[in-house]
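So the chains spell out like this:
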Amino acid sequence: MTIKRPAEIRTCDITDRDFFENRRAFLYGGAALALGMLGPGVSQARPRSPTAPRLPPYTKTNSYDPVEALTPYAEITTHTNFYEFSGNKRRASRLAKRLRTRPWTVSVEGEVRRPKTFDIDELIGRFPLEERIYRLRCVEAWSMVVPWIGFPLARLIKSVEPTSRAKFVAFETLHDPKQMPGQNPRWLGSSLDWPYAEGLRIDEAVHPLTILAVGLYGETIPNQNGAPIRLVVPWKYGFKSIKSIVRVRLVEEQPVTSWPSQATREYGFYANVNPDVNHPRWSQAHERRIGTPGKRPTLLFNGYHEQVADLYRGMDLRKNF
Ligand SMILES: Nc1nc2c(c(=O)[nH]1)N[C@H]1C(S)=C(S)[C@@H](COP(=O)(O)O)O[C@H]1N2
Ligand SMILES: [Mo]
């Protein structure tokens, strides 16, 4: 279903789910205002990057959405990890607004028969867009529920025709220290090697849950959440979901990725959400849901066990953490 203005909605269009969402939005709006978190007129603001065009229409037709309240837009867009800008979440969300997301290209290369460099708007218009509401669980033990808009990564990978040697997919974020202060070699906030790099096994990459997101809450994705295009792999810790991608390479060997190379004992290549495998410095058994009080148990594969457990049959998840 594409977004309709209220006047266009007829009774027959209103499903239980619409009712649920509207009620949910109402509850959140009310709670936020009651707590004084949002000033008048601010709650509905969805500022787009001045250079980014409006998002094409999208559908909401999948069966993956959790029956859980969405995390408010204001939290999703300010509680952001984006080390290229800052190690401080709020500061990163502010500084990322400077990122120029047009012109932008994404090259897809390596073990493929039809390598191609896509203009970002061509890429956004190329595959049908859909909303996917996913839990996002950061390795730091907080979580959110995010209404992404995007398309399955599998569509892009199939379109470039991988060879039989393509066993992994490697991703890279833009490397531009002039725009991204955290990439300056003299900046001491982070010891990551730039550009930020991530990777998936090919079967994980073409899994139907794995998407490239270009939108959030019905609008073009804000810079701080990874504009113009970012990966979302909902059963893995958030650091796998690499932002502001410029290069996708299909490769034969497991790629070197940012966090495991920075701290081998602390972060693994797989990074599947697992309450039984603790980080060496903290427990992963529980998580804090941003915008709600208390803690809740963390679920194996972030609650996507039914969809993804088969990918890891016979693997020791303690060794391959
Ligand atoms: N390029 C890049 N991608 C990144 C990060 C980053 O610092 N740089 N942080 C990761 C981490 S640790 C998390 S938890 C998620 C956060 O996504 P969000 O800010 O949209 O919630 O992005 C991931 N992708
Ligand atoms: Mo994270």
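Please read these numbers as outputs of a predicted model, since none were measured by experiment.

Draft legend 1. Representation of the pairing of strand β11 (residues 245-251). Of all 7 residues making up β11, 5 are buried, and the element is well covered by its neighbours. When strand β2 (residues 105-110) meets β11, the two strands line up parallel, connected through 4 bridges. Each bridged residue has a counterpart across the sheet, and for E109 the counterpart in β11 is R249. Sheet topology places strand β6 (residues 168-173) next to β11; 6 bridges connect them, and they run antiparallel. Within β11, the position partnered with V169 by the bridge is L250.

Draft legend 2. Looking closely at the pattern of salt bridges. Enumeration over the complete set of coordinates arrives at 22 salt bridges. Of the charged contacts in the structure, one is a salt bridge between R289 and E68, with a shortest N-O distance of 2.7 Å. Of this pair, R289 sits in strand β12 (residues 286-289) while E68 sits in the loop between β1 (58-59) and α2 (73-76), and the two are 221 residues apart along the sequence. Just as R289 is buried, E68 falls in that class too. Residues joined by salt bridges that share partners form a network here, namely E68, R135, R137, E287, R289 and R296.

Draft legend 3. Representation of the site of ligand 1 in the model. Residues in close proximity to ligand 1 total 19 residues, the closest being Y83, E84, T173, S241 and K243. Y83 places a main-chain nitrogen or oxygen 2.8 Å from an oxygen atom of ligand 1. At 2.7 Å from an oxygen atom of ligand 1 is found a side-chain nitrogen or oxygen belonging to K243. With the chains in place, 99% of the 540 Å² that ligand 1 exposes on its own is no longer accessible. It is strand β5 (residues 142-152) that contributes the most residues to the shell around ligand 1, 3 residues altogether. Per-class residue counts for the shell around ligand 1 are 10 nonpolar, 6 polar and 3 charged.

Rules used in this analysis
Counting restarts for each chain, with residues numbered from 1 along the sequence as it is written. Chains carry letters from A onward and ligands carry numbers from 1 onward, assigned in written order. In view of the model being predicted, local features appear only for residues whose pLDDT reaches at least 70, and side-chain atom pairs are presented and counted only at 80 or more, with totals across whole chains, interfaces and linings using the full set of residues. Working from all heavy atoms in the structure, the side-chain values ignore hydrogens and water. Per-residue accessibility, obtained with a 1.4 Å probe over protein chains only, is compared with the maximum for each type, and a residue is labelled buried under 20%, exposed over 50%, and partly exposed between these values. In this text, helices come from DSSP runs of H or I with a minimum length of four residues, and strands from runs of E with a minimum of two, each type numbered from the N-terminal end. Here the rule is simple: two strands pair whenever DSSP picks up at least two bridges between them. When a carboxyl oxygen of Asp or Glu lies within 4 Å of a side-chain nitrogen of Lys or Arg, that pair is called a salt bridge. Proximity criterion: a residue is near a molecule or strand once any of its heavy atoms comes within 4 Å of it. Within 3.5 Å is the distance limit for a polar contact, defined as a pair of N or O atoms, with the added protein rule that one can donate a hydrogen and the other accept it, and that residues adjacent in sequence qualify only through two side-chain atoms. Surface accessibility in these figures is a Shrake-Rupley result with a 1.4 Å probe; residues are shielded only by whichever protein chains are displayed. Only Asp, Glu, Lys and Arg are considered charged, only Ala, Val, Leu, Ile, Met, Phe, Trp, Tyr, Cys and Pro nonpolar, and every remaining residue, Gly among them, polar.

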